[in-house]
Amino acid sequence: MNPNTLSDAEKFVLSKISDGQLARFADDDETVFPGNPVTWNAKHTIRAEFLTALITNKFHDVTIPHNGVWIHSVRIVGELNWEGIKIDYPIGLIACRVEEVFLLRDAQTTRLNFHQSYFKGILADRIKSKSSLAFRQSTFGEAGLNLSEARVDGEIDLDGSTYQGIDYIHQSVEGNALEYGIVHPLPISIQASGAKLSGTFRIRNVNLRGIIALNGVDIDGDLEVTNTNFQVTHPNVFFLQTANIGRAFIWRNITFSNSCGVVFSHTTVNQLLDQEDSWPDGILMDSFTFKELAGDAPRTAESRLKWLNKQDPSGIFFPQTFEVLSKYYRSIGDKSSATKIVGAKFKRLQSQPTTPTHEKILISLFGLLSSYGYSPVRPLVAIMLFWLAGWSVFSLANFLDIIVPAYPFSNIGTNLEFSAAWFSADLLIPFIDIGDASRWNISTYTWIGYCFKILSFIQTLSGWALATLAAATVTGVIQSD
């Protein structure tokens, strides 16, 4: 770029940057409004091609200092295209206005600080940064912020940012908007799918008329979504799928202007720090795993069940999050809460219209006989009741002369006296051979004999089922989910 064609504002930038100073255009007592183009004049305007030439060292008589390029309260006109370039020093745009979409695809940067500025949009997919990316208190227009597949050795900080979004009338018939070479499935304000960063992803004090999509993110630090307001009508406004959060997922003080939902699937977080009132009425949670509840997150089984039951009752039921929560309660020794969560899981499964009738019956029996695997006493009590019932039934059968020796023509057992109590126990306890069941038979010469024979089979099957259930409950096999 020819230095002779530079405006006074651009020459001012060169002089300040050469001295290692902030190129501040606004006076100390002057208030600038980056979101309002009417407030800007030629004094506060530079060209995008000038700034690109500056950061790519096209001005040979200007040496950019180690603290980088810092500009305050300037309007940048024209397309700011930094695709694929490498920047070895920090860049700061404070209270600036970038009128066209800012292209940062495949760029390699040291540090970006864009504060209190206005951007029609920033497309920084596949950007690589040696330090943090900060967009605090900035406003984004219809193109939003795209950080897909970004690689950041530090944080991504969106504290206080605003996203104006796009209206649905801009969508095509298929529900997609084709702009700037990217197909957006309805209005995505923050897109960071596939991004990897070593620090915290901070979405705090944010207002947006669009969707946040963080599918496939890999974050070593926290994912903080706090004090955020969604002002968009859409079935789902937040997506966190196939993601990994190394520390805490913080979800607090979230408000929704319209009825909507969020999607969490195949995602692992170390800690969950949420707030009961911050969840919308619709949550899709499939394989959402956390190790512990952190801070003052709701901990009672009742509050967590309110959260779990926000899954669509008429939709597909995903029991995995119920199991994760019951496992957490077991890990802290809260067996009562674990029992409530598992019970709620089975009741929810039982209420599903796709669950076969025979499975619904088995679920009811499972809950009645073992408290869904959390009460080893119940199956033992059931065994005792079945034994007493069998004692009574087979005493009646003996009174009716239906009980006969198994070997009537042998001298073996002919002098034995039948005991209904031992006979019932021998049928009911499958792991111990008392011998009475092999010494005596139930005569089936009459129809009533067939009835008692069927009852003996029921006694044997019940014994196997209850004994297996008791053993599984005591050893914790069922509780392992």
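The shown structure was predicted, so the numbers you read here are calculated from the model rather than taken from an experiment.

Now for the confidence of the model for the chain. Of the residues in the chain, 82% reach a pLDDT of 70 or more, and the chain-wide mean stands at 83. Segment residues 167–185: pLDDT under 50, and 37 contacts once partners within four positions in sequence are set aside and those in other chains are kept.

Another point: the environment of Arg47. Tracing the backbone shows Arg47 in strand E2 (residues 45–47). Judged by relative accessible area, Arg47 falls into the partly exposed class, the value being 25%. The spatial distance from the C-alpha of Arg47 to the C-alpha of Val77 is 5.1 Å, given a sequence separation of 30 residues. A distance of 3.4 Å separates a polar side-chain atom of Arg47 from the backbone oxygen of Thr5.

Another point: the pairing of strand E9 (residues 112–115). The side-chain alternation of E9 yields two buried faces, one formed by Leu112 and Phe114 and the other by Asn113 and His115. As defined by bridge partners, strand E5 (residues 91–94) adjoins E9 across 4 bridges and the pair is classed as parallel. By the bridge assignment, Ile94 is partnered in E9 with His115. Judged from the 2 bridges that link them, E9 and strand E12 (residues 133–134) form a sheet pairing that is parallel. Along E12, the bridge assignment pairs Asn113 with Ala134.

Under the criterion given, the structure shown has 27 aromatic pairs. Plain terms: the ring middles of Tyr328 and Tyr329 are 5.5 Å apart, the flat faces sit at 55° to each other, and that makes the pair tilted. Residue Tyr328 shares its accessibility class with Tyr329, and that shared class is buried. Members of the aromatic cluster, each reached through a chain of ring pairs, are Phe238, Phe249, Trp251, Phe264, Trp279, Phe288, Phe290 and Trp307. When the ring centre of Trp307 is taken as reference, the NZ or CZ atom of Arg304 above it lies at 4.4 Å.

Under the criterion given, the structure shown has 20 salt bridges. The salt bridge partner of Arg105 is Asp125, with a shortest N-O separation of 3.2 Å. Pair noted here: Arg105 is in the loop between strand E7 (102–103) and strand E8 (108–109) and Asp125 is in the loop between strand E10 (118–123) and strand E11 (128–129), with a separation of 20 residues, a long-range link. Asp125 shares its class with Arg105; the two are buried. Where Glu276 meets Lys306, a salt bridge forms, and the shortest distance between an N and an O atom there is 3.7 Å. Highlighted residues: Glu276 in the loop between strand E28 (261–274) and strand E29 (282–293) and Lys306 in helix H3 (residues 301–308), separated in sequence by 30 residues.

Moving on, we get to helix H4 (residues 320–331). Between its terminal C-alpha atoms H4 stretches 17 Å, which fits the 16 Å expected from 12 residues at 1.5 Å a residue. Within H4, the full set of buried residues consists of Thr321, Phe322, Val324, Leu325, Ser326, Tyr328 and Tyr329. Note on H4: the residue one or two positions beyond its end, Gly333, has a positive phi of about 80°.

The element E28 is largely enclosed, with a buried count of 10 among its 14 residues. Summarising the sheet, strand E26 (residues 236–241) and E28 pair through 5 bridges and their orientation is parallel. From the neighbouring strand, Gln241 faces E28, where its bridge partner is Ser265. Note that strand E27 (residues 244–256) and E28 share 6 bridges and pair parallel. Considered in E28, the bridge of Ala248 is made with Gln271.

The rules behind these values
- Residues numbered from 1 in each chain as written.
- Predicted model: local features only at pLDDT ≥ 70, side-chain atom pairs only at ≥ 80, totals over all residues.
- Heavy atoms only, no water.
- pLDDT = per-residue confidence, 0-100.
- Contact = heavy atoms within 4.5 Å.
- Helix = DSSP H or I, 4+ residues; strand = E, 2+ residues; numbered from the N terminus.
- Buried < 20%, exposed > 50% of the residue type's maximum accessible area, 1.4 Å probe, protein only.
- Polar contact = N/O pair within 3.5 Å; in protein donor to acceptor, adjacent residues only side chain to side chain.
- Pairing = 2+ DSSP bridges.
- Phe/Tyr/Trp six-rings, centres within 6.5 Å; stacked < 30°, edge-to-face > 60°.
- Lys NZ or Arg CZ within 6 Å of the ring centre and 35° of its normal.
- Salt bridge = Lys/Arg side-chain N within 4 Å of Asp/Glu carboxyl O.
- Expected span 1.5 Å × (residues − 1).

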